[in-house]
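What the coordinates show
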Amino acid sequence: MNEIPIQVPIPIPPSPCLKCGACCAAFKVCIQESEIDNIDGGYIPEGMTIKVSALSMVMKGTDRKSPRCVALSGGIGVNAKCSIYEKRPNVCRNFIMSCENGMPNDMCDRARARYGLIAFSAW
Ligand code: SF4
Ligand code: SF4
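A short tour of the structure in this document, coming up. (Residues numbered from 1 in each chain as written. Chains lettered and ligands numbered in written order. Predicted model: local features only at pLDDT ≥ 70, side-chain atom pairs only at ≥ 80, totals over all residues. Heavy atoms only, no water.)

1. Some points on the nonpolar core
The condition is simple: In this text, buried Ala, Val, Leu, Ile, Met, Phe, Trp, Tyr and Cys residues form a nonpolar core when linked through side-chain atoms within 4.5 Å. Relative accessibility under 20% of the residue-type maximum defines a buried residue, over 50% an exposed one, and the middle range a partly exposed one, all with a 1.4 Å probe and only protein chains included. Contacts: residue pairs with any heavy atoms within 4.5 Å of one another.
Counting residues in each nonpolar core, the largest one holds ten residues, listed as Val-29, Ile-31, Ile-36, Ile-44, Met-48, Met-57, Met-59, Cys-69, Ala-71 and Ile-84. Not counting chain neighbours up to four residues away, the residues in contact with Ile-36 comprise Ile-31, Gly-42, Tyr-43, Ile-44, Glu-46, Thr-49 and Met-57. Core analysis: the second largest hydrophobic core is formed by nine residues, Cys-20, Ala-25, Phe-27 and Ile-76 among them.

2. Examining the site of ligand 1
The test is simple: Proximity is defined per residue: if any heavy atom of the residue lies within 4 Å of a molecule or strand, that residue is considered near it. Here the term charged refers only to Asp, Glu, Lys and Arg, the term nonpolar to Ala, Val, Leu, Ile, Met, Phe, Trp, Tyr, Cys and Pro, and the term polar to all other amino acids, Gly among them.
What surrounds ligand 1 is the set Cys-17, Cys-20, Gly-21, Ala-22, Cys-23, Phe-95, Met-97, Cys-108, Arg-112 and Phe-120. Its residues assigned to classes, the shell around ligand 1 comprises eight nonpolar, one polar and one charged.

3. Considerations on the pairing of strand S3 (residues 56-59)
Note the following rule: When DSSP locates at least two bridges between a pair of strands, those strands are taken to pair. A run of H or I in DSSP counts as a helix once it spans at least four residues, and a run of E counts as a strand once it spans at least two, with each numbered from the N terminus.
Note that strand S1 (residues 30-31) and S3 share two bridges and pair antiparallel. Bridge pairing in S3 links Ile-31 to Met-57. Sheet topology note: the strand S2 (residues 49-53)/S3 ladder contains four bridges and is antiparallel. Each residue of the ladder has a partner; that of Ser-53, found in S3, is Ser-56. The turn linking S2 back onto S3 is made up of two residues.

Okay, structure coming up:
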């Protein structure tokens, strides 16, 4: 009788983004009005957003000289966490960690450098 080989699952390492959060405290996070939950189909909590001009809305806290998104909890590079992860803006969903897809992301690298964290493109 042939033995069935046991398949050992290969653990997937957790994403470095889970603790980092540097990009959430480095840039203006622009959003579309249609993403806000006071509109049908919207999901971002309205109270976490702010209108900065007639045509422009951002996540609160990111329109400052030293930005930090209001939805970010924890310490950068330690235990940072997006408190609205399932409801985060499109721009956050589309932000790719440097080298995640084999390509560097200068914005990720610069955000991490701001907090003394090594750039993934430097590894
Ligand atoms: S700065 Fe880069 S590594 Fe850090 S949370 Fe943002 S995308 Fe992830
Ligand atoms: S909404 Fe979440 S993912 Fe987007 S900048 Fe704020 S804390 Fe970061």
